[in-house]
Amino acid sequence: MVLEAIKYRPHSLEILDQLRLPHESVYAPIKNSTDAFNAIKSMTVRGAPAIAIVAALALAVELANREFESADEVRSFVSEKLEYLVTSRPTAVNLSDAARKLAKLVKETEGDVKTIADAYIAAAEKMLVDDVSDNMNIGKNGLEWAKKTIGQDKFSILTICNTGSLATAGYGTALGIIRSIYADGLLSHAYALETRPYNQGSRLTAYELVHDNIPATLITDSMASVLLNSHPEIKMIVVGADRVARNGDTANKIGTYQLSIVAKHHGVRFVVAAPTTSIDLQTMTGEGIAIEQRKPDELVTVRGPVVDKDGNVNKGETKTVHIAAPGIGVWNPSFDVAPAALIDAIITEKGVAEKDENGEFHLEYFF
Ligand code: MRU
């Protein structure tokens, strides 16, 4: 069975509800941009490429199902809705990049209502298709880079958050590289960080690894250094990206920065996997990246299905429990920035960026 997080057919969009995974696979209908905004904000769908594609396709469905009086009306409707969708989550650049390209297309398309709507819909549909092929190429480029840099012997990999089929249109970025290395017979073992506080690692990456029968082990975020210290067969940490600044500084899930430091200390390669739509040449360094702060609830509560006294999971019934001292203050940044200085390579669908003799990336060559 192929994992399909985004189910799109002309006039209809459904997303796999990631709040109910891994215990239940339930699809939620997305009928318009308001549904998409709410799904992104609540993290029913998450992951930089996935949120951009769901936003773009939700508006495609809305355009396909709605009547407009004039070309101007459809143009202003699209631009207003795109502006609104971009405000759902600030850190991942893929959403604003997609919105900017779609807004430009609609502004520049001449013709009647149908011509404009059709042009928008075709472009949004292409984003879905392109993301899968880009991820396959990231996987291929990552495998080649690993063979060249690490060698031909089997090795293990550590990753954080969820960067797989659930975070993209399919296959995944960092998890796509793990898939490609596994398919080639080079992967000894994958280690997934739990990824507190939202547990994308234990809920979603673990689900994908089990689904694909990839030999894998889950650890808590605080175990990463001791794991590297005691498991020399781990040769690579691969992470995704929400936004890569022009100099290579990379914003990704909270916990990524500490992994980049730990990798350096242990001589393990630290690699970012991202489509070029995650590269933001307008933002010079990581300091310019807005980091989303999320609600304290995510840190002080845990939500999941009820387990009976024999350990059986009751799928129908979820429960939220409080796990911190009431009244304690909470800091909950959703992302952090791994500095370019600690990144060995940025693997994209167009090729692999490595630093020059001055220690600088040149990401502009991809554009
Ligand atoms: O808060 P999330 O779950 O949307 O964060 C996702 C990540 O940080 C991913 O690593 C990143 O978006 C890359 S997904 C291919």
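In this text, all values refer to a predicted model and were calculated from it rather than measured experimentally. (Residues numbered from 1 in each chain as written. Predicted model: local features only at pLDDT ≥ 70, side-chain atom pairs only at ≥ 80, totals over all residues.)

Asks: A description of the overall build of the protein should follow, citing residues and the corresponding values.
Replies: A tally of helices and strands in the protein yields 10 helices and 16 strands. For a compact globule of 367 residues, the expected C-alpha radius of gyration is about 21 Å, and the protein comes in at 21 Å, within 12% of that figure. Viewed in the frame of its principal axes, the protein has a C-alpha envelope of about 65 × 60 × 45 Å. Here the protein holds 367 residues, and the buried ones make up 45% of them. (Helix = DSSP H or I, 4+ residues; strand = E, 2+ residues; numbered from the N terminus. Rg over C-alpha atoms; globule rule 2.2 N^0.38 Å. Buried ≥ 20, exposed ≤ 12 C-beta atoms within 10 Å, placed from the backbone.)

Asks: Describe the sheet that holds strand S16 (residues 351-353), with residues and values.
Replies: One open sheet accounts for seven strands, arranged S6-S5-S4-S7-S10-S15-S16; its pairing is mixed. Each edge of the open sheet is held by one strand with a lone partner, namely strand S6 (216-219) and S16. Strand after strand, the sheet turns through a mean of 25 degrees between neighbouring axes, direction not considered. Across four bridges, the pairing between strand S5 (residues 187-193) and S6 is parallel. When the sheet's bridge partners are listed, Leu193 is paired in S6 with Ile219. Taken strand by strand, helix H5 (residues 113-149) contacts strand S7 (234-239), strand S10 (269-273), strand S15 (345-348) and S16, and its axis lies near 145 degrees from that of S15. (Pairing = 2+ DSSP bridges. Axes fitted to C-alpha atoms, helices over the stretch in contact; angles between N-to-C directions. Contact = placed C-beta atoms within 7 Å.)

Asks: I'd like to hear about the packing of H5 against helix H6 (residues 174-183), residue by residue, with values.
Replies: One can describe the packing of H5 onto H6 by two numbers: an axis separation of 8 Å at closest approach and a directional angle of 60 degrees. Between H5 and H6, the crossing angle belongs to the class labelled oblique. Helix-helix and strand crossings are classified by hand; for H5 and H6 the assignment is right-handed. Side by side, H5 and H6 meet where Asn135, Ile138, Gly139, Lys140, Gly142, Leu143 and Ala146 of the first sit next to Gly176, Ile177, Arg179, Ser180 and Ile181 of the second. Among the residues forming the contact of H5 with H6, the class breakdown is five nonpolar, five polar and two charged. (Parallel < 35°, antiparallel > 145°, perpendicular 65-115°, else oblique. Left-handed = near helix turned anticlockwise from the far one by under 90°. Nonpolar A, V, L, I, M, F, W, Y, C, P; charged D, E, K, R; others polar.)

Asks: How would you explain the environment of Asn65 if you had to name every residue and give the values?
Replies: Tracing the sequence through the fold places Asn65 in the loop between helix H2 (48-64) and helix H3 (71-86). Accessibility expressed as a C-beta count within 10 Å gives 11 for Asn65, which makes it exposed. Taking the C-alpha atoms as reference, Asn65 lies 23 Å from Arg100; in sequence the two are 35 residues apart.

Asks: Let's hear about the site of the ligand: which residues, and what values?
Replies: Looking at the ligand, there are 17 residues lining it, with Arg46, Ala48, Ala167, Gly240 and Lys253 nearest. Only H2 and strand S9 (250-253) provide two or more residues apiece to the shell around the ligand. Here the shell around the ligand is composed, by residue class, of six nonpolar, eight polar and three charged. There are two domains that each give the shell around the ligand at least three residues, and those are domain 1 (6-132) and domain 2 (139-290 + 334-366). (Near = placed C-beta within 6 Å. Domains from an automatic or database assignment.)

Asks: Please provide a residue-by-residue account of the domain arrangement of the protein, values included.
Replies: The domain architecture assigned to the protein consists of domain 1 (6-132), domain 2 (139-290 + 334-366) and domain 3 (295-332). Just the C-alpha atoms count here: the centres of domain 1 and domain 3 sit 32 Å apart.

Asks: Run through the environment of Ala39, naming residues and quoting values.
Replies: Of note, Ala39 is situated in helix H1 (residues 33-41). When the C-alpha atoms of Ala39 and Thr301 are compared, they prove to be 20 Å apart, with 262 residues separating the residues in sequence. Leave out the neighbours within four places in its chain, and Ala39 touches Ile15, Ala28, Ile30, Thr44, Val45 and Val54.

Asks: I'd like a rundown of H6, residues and numbers included.
Replies: Burial within H6 is extensive, with nine of its 10 residues counted as buried. For H6, the set of buried residues is Ala174, Leu175, Gly176, Ile177, Ile178, Arg179, Ser180, Ile181 and Tyr182.

Asks: Just give me the short version of unusual backbone geometry, but keep the residues and values in it.
Replies: Cis rather than trans, the peptide bond between Leu21 and Pro22 has omega equal to 5 degrees. Mapped onto the secondary structure, Pro22 falls in the loop between strand S2 (12-16) and strand S3 (27-29). Residue Arg196 is joined to Pro197 through a cis peptide bond whose omega torsion reads 5 degrees. With a phi close to 60 degrees, Cys161 is a non-glycine residue in the positive phi region. Tracing the backbone through its elements, the reader meets Cys161 in the loop between strand S4 (155-159) and H6. One non-glycine residue with positive phi stands out, namely Thr195, at about 70 degrees. The topology assignment puts Thr195 in the loop between S5 and helix H7 (200-211). Accessibility expressed as a C-beta count within 10 Å gives 25 for Thr195, which makes it buried.

Asks: Lay out the nonpolar core with the relevant residues and their values.
Replies: Val54, Ala55, Ala56 and Leu57 are the most contacted members of the largest nonpolar core, which totals 105 residues. The biggest single contributor to this core is H2, with 14 residues. Of the residues that make up this core, three or more belong to each of domain 1 (6-132) and domain 2 (139-290 + 334-366). Each residue touching Ala56, except ones within four places of it in the same chain, is listed here: Ala98, Leu102, Ala124 and Met127. (Core = buried A, V, L, I, M, F, W, Y, C linked by C-beta atoms within 7 Å.)

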